[in-house]
Amino acid sequence: PAPVERLGPDTLRMGAVVVDTAKRRLTVPRHVNDVPVLEFVANTKDGWKAYESALTLETDGITINTALVLIGLDPANASAPKYHFDSATLKGDPLDISVEWKDAAGRQRRVPARELVYNVSAKQSLPDEPWVYIGSGFNEGGYLADQMGVIISFAHTPAAIIEHPSPMGIGNYGAWRVNPALHLKGGTPITVTITALKKAAPKPR
């Protein structure tokens, strides 16, 4: 991962990723991709999956994964996809993800990341559920997130670090687009904020 620079008692910077360990959140910038269809929400810097990802983030997979571990996430709690387009409902430490930018009029906009992804056939965004931390994995070539260039996905792939839990986003390739209602143009600077959520208390037996 990128070297760690301490900015304050609870704040660290790793490359372009700023981590607040007290608030259990991190931020990372870069821009919107100019793409016709989506399979992923965010790819790594210079990641080759940028051609079907809504956003490019200014980080590599190992660095942002290390930052997520620093805010208390554990891949041991995840049920990761076993293959690309795995139709299982995924589990993992829950996350809130938002995307922020300035619109053409200079107004600050902020939306949940799920609203960035829109199905033009079904006319709806992804379900309103917490994202889940998967952590990606390794093979003989190294860390899958960096090999594939994938950070946040909704297509259920073993390479992703973060996934949308619902299988609704898989398949129907070509229908998923950057939400046209947001009027986001390729190259627009954005900041992504990822916040760890409290786990639900177990139900009494």
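Further remarks concern the overall build of the protein chain. A count of helices and strands for the protein chain gives two helices and 17 strands. Taking 2.2 N^0.38 as the reference for a compact globule, 205 residues should give roughly 17 Å; the C-alpha atoms of the protein chain span a radius of gyration of 16 Å, in line with that estimate. Over its C-alpha atoms, taken along the principal directions, the protein chain stretches across nearly 45 × 45 × 40 Å. Counting only residues that meet the buried cut, the protein chain has 49% of its 205 residues in that class.

One non-glycine residue, serine 136, lies in positive phi territory at about 60 degrees. Mapped onto the elements, serine 136 comes out in the loop between strand S11 (131-133) and strand S12 (138-139). A positive phi angle is found at histidine 156, which is not glycine, with a value near 60 degrees. Residue placement: histidine 156 occurs in the loop between strand S14 (150-153) and strand S15 (162-163).

To continue, consider the layout of surface pockets. Over the atoms rolls a probe the size of a water molecule, and in doing so it shows where empty space is left. Considering only enclosed or pocket space, the largest pocket measures out at about 160 Å³ in volume. Lining the largest pocket, in full, are Trp101, Lys102, Asp103, Ala104, Arg109, Leu182, His183, Leu184, Lys185 and Thr188. When grouped by side-chain class, the residues that make up the lining of the largest pocket number four nonpolar, two polar and four charged.

Inspection of every chain in the model, using the stated rule, returns three aromatic pairs. On the numbers, 5.0 Å between centres and 40 degrees between planes, the contact of phenylalanine 138 with tyrosine 143 is tilted. Look at phenylalanine 138 and you get exposed, because its relative accessible area is 64%.

Here the focus is the pairing of strand S17 (residues 189-196). Extensive coverage of S17 is indicated by the burial of six of its eight residues. One ladder, built from seven bridges, connects strand S4 (residues 25-32) with S17; its direction is antiparallel. Residue histidine 31 lies in a different strand from S17, and its bridge partner there is proline 189. The pairing of strand S7 (residues 93-102) with S17 spans six bridges and is classified as antiparallel. The partner of serine 98 across the bridge, within S17, is threonine 193.

Another aspect to go through is the pattern of salt bridges. What the rule picks out here adds up to seven salt bridges. Here arginine 30 and glutamate 58 are joined by a salt bridge, their closest N and O atoms 3.3 Å apart. Here glutamate 58 lies in the loop between strand S6 (53-57) and helix H1 (61-70) and arginine 30 lies in strand S4, a separation of 28 residues in the sequence. One salt bridge connects lysine 45 with glutamate 58, and the closest N-O pair in it is separated by 3.1 Å.

Mapped onto the elements of the fold, serine 153 is located in strand S14. When neighbours within four sequence positions are excluded, serine 153 is seen to be in contact with Glu39, Phe40, Val41, Trp131, Ala160, Ile162, Glu163 and His164.

The subject of this paragraph is the sheet that holds strand S10 (residues 124-125). A sheet is described by the order of its strands in space; here three strands give the open sequence S10-S9-S16, paired in antiparallel fashion. Taken across any chain shown, the strands that pair with only one partner, and hence form the sheet edges, are S10 and strand S16 (176-178). When strand S9 (residues 117-119) meets S16, the two strands line up antiparallel, connected through three bridges. Residue pairing for S16: tyrosine 118 is matched across the bridge by arginine 177.

Conventions we followed
- Residues numbered from 1 in each chain as written.
- Predicted model: local features only at pLDDT ≥ 70, side-chain atom pairs only at ≥ 80, totals over all residues.
- Heavy atoms only, no water.
- Helix = DSSP H or I, 4+ residues; strand = E, 2+ residues; numbered from the N terminus.
- Rg over C-alpha atoms; globule rule 2.2 N^0.38 Å.
- Buried < 20%, exposed > 50% of the residue type's maximum accessible area, 1.4 Å probe, protein only.
- 1 Å grid on protein atoms, 1.4 Å probe; cavity = no way out; pocket = protein on both sides within 12 Å on 5 of 7 lines; lining within 4 Å.
- Points joined across faces, edges and corners; volume = space filled by probe spheres on them.
- Nonpolar A, V, L, I, M, F, W, Y, C, P; charged D, E, K, R; others polar.
- Phe/Tyr/Trp six-rings, centres within 6.5 Å; stacked < 30°, edge-to-face > 60°.
- Pairing = 2+ DSSP bridges.
- Salt bridge = Lys/Arg side-chain N within 4 Å of Asp/Glu carboxyl O.
- Contact = heavy atoms within 4.5 Å.

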